[in-house]
Amino acid sequence: MSYRKIFTVVNEHTASTVTANYAISLAAADKAELVLYTAHGEGTDETILRHTERHLDHLFTVAFELDIAVTRITEAGSITRLLPQRVQAERADLVFYPLTPGERYGATLPRHTVHHLLRTIRSDLAIMRIVHMGKPHPRCILVPLGGVIGDSKRRVQFIAALAKSFHSQVTLFHLAAGTADKEMPGDIAQFREELRRHHVTVLERSGRGHIGRSITVEAITRHNDLIVIGASERGPLRRLFFGNPAGDVMHQPPCNSLLFRTAP
């Protein structure tokens with residue numbers, strides 16, 4: 001599977017330009033169409049509009065010089081309403097969305113823009129938390145996996161496309177949850193073999209203890225520069241009692257992090 005049309009949300013924050021670089025790299029590798037998208041509410045400050053316009057100009061030039069079929073779409077209104085409609089109308093199959101500094105995926109009260117988009121966008125969705133502006137090209141990608149992997153085929157395809165576009169190696173990280181078993185669970189072994197079929201360099205690691213903390217320690221000690229984590233499948237009640245590791249990692253990651261949710 002190759003992506004045909006990729007949206008990336010651009011705003012006044014520099015982090016959105018780093019996120020867009022991921023979208024540009026995938027679009028170049030897959031020869032996909034790229035849409036630079038922004039939506040602003042009425043009465044938006046002129047300074048914010050100028051910053052956003054500068055980012056759009058720069059990103060458009062970068063994509064154009066890479067011979068990517070790139071377009072710009074700017075709309076006035078609420079992004080939570082307009083973006084899902086536009087994604088559906090344009091038949092996009094992947095959307096990149098940069099978390100703003102005040103947003104938290106997995107917040108106790110899911111009222112942020114990201115939560116609306118998770119519920120309403122009908123394509124694959126890559127949500128990014130950018131913490132290092134100067135590392136737009138990841139070389140070492142950490143992929144935490146549980147024993148059972150949902151939507152493994154699409155996750156493999158996305159991670160393989162990401163790794164190949166950046167010439168990155170991938171480390172599959174399994175949290176052993178207190179067991180002494182040294183072998184990877186069957187789902188992870190299959191995930192590994194699928195990535196290798198895509199000619200991706202794959203390493204394996206495992207750890208024990210608190211999930212979010214273990215992922216953070218692994219990323220720091222092994223010098224990973226991107227974490228790719230799956231969207232939490234825990235409902236509100238389970239998150240209340242058992243926590244939300246994906247939300248914890250995405251809130252304060254040690255490096256740039258991406259939460260991938262496959263199309264519903």
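Reference entry: report on the structure contained in this document. (Residues numbered from 1 in each chain as written. Predicted model: local features only at pLDDT ≥ 70, side-chain atom pairs only at ≥ 80, totals over all residues. Heavy atoms only, no water.)

**Some thoughts on the pairing of strand β7 (residues 169-175)**
Among the seven residues in β7, six count as buried, and that is most of the element. One ladder, built from six bridges, connects strand β6 (residues 140-145) with β7; its direction is parallel. Note that in β7 the partner of I141 across the bridge is V170. Of the pairings in the sheet, the one linking β7 to strand β8 (residues 202-207) comprises six bridges and is parallel in character. Considered in β8, the bridge of L175 is made with G207. (Buried < 20%, exposed > 50% of the residue type's maximum accessible area, 1.4 Å probe, protein only. Helix = DSSP H or I, 4+ residues; strand = E, 2+ residues; numbered from the N terminus. Pairing = 2+ DSSP bridges.)

**Comments concerning the environment of R154**
Residue placement: R154 occurs in helix α5 (residues 152-166). Overall, the relative accessible area of 28% leaves R154 in the partly exposed class.

**Considerations on the packing of aromatic side chains**
All chains considered together, the criterion is met by four aromatic pairs. Aromatic side chains F7 and Y37 sit 6.0 Å apart centroid to centroid with 35 degrees between the ring planes, which places their arrangement in the tilted category. Here Y37 lies in strand β2 (residues 33-40) and F7 lies in strand β1 (residues 5-9), a separation of 30 residues in the sequence. Considered together, F7 and Y37 belong to a single accessibility category, that of buried residues. (Phe/Tyr/Trp six-rings, centres within 6.5 Å; stacked < 30°, edge-to-face > 60°.)

**A few points about the sheet that holds strand β5 (residues 124-129)**
Across the sheet, which stays open at both edges, the 10 strands sit in the order β3-β2-β1-β4-β5-β10-β9-β6-β7-β8 with mixed pairing between neighbours. Whereas interior strands pair on both sides, the edge strands pair on one side only; in this sheet they are β3 (70-76) and β8. Strand-to-strand, the axes of this sheet are offset by a mean angle of 20 degrees, without reference to chain direction. Taken together, the five bridges between β5 and strand β10 (residues 256-261) define a ladder with antiparallel strand orientation. (Axes fitted to C-alpha atoms, helices over the stretch in contact; angles between N-to-C directions.)

Geometric values such as these leave the question of function open.
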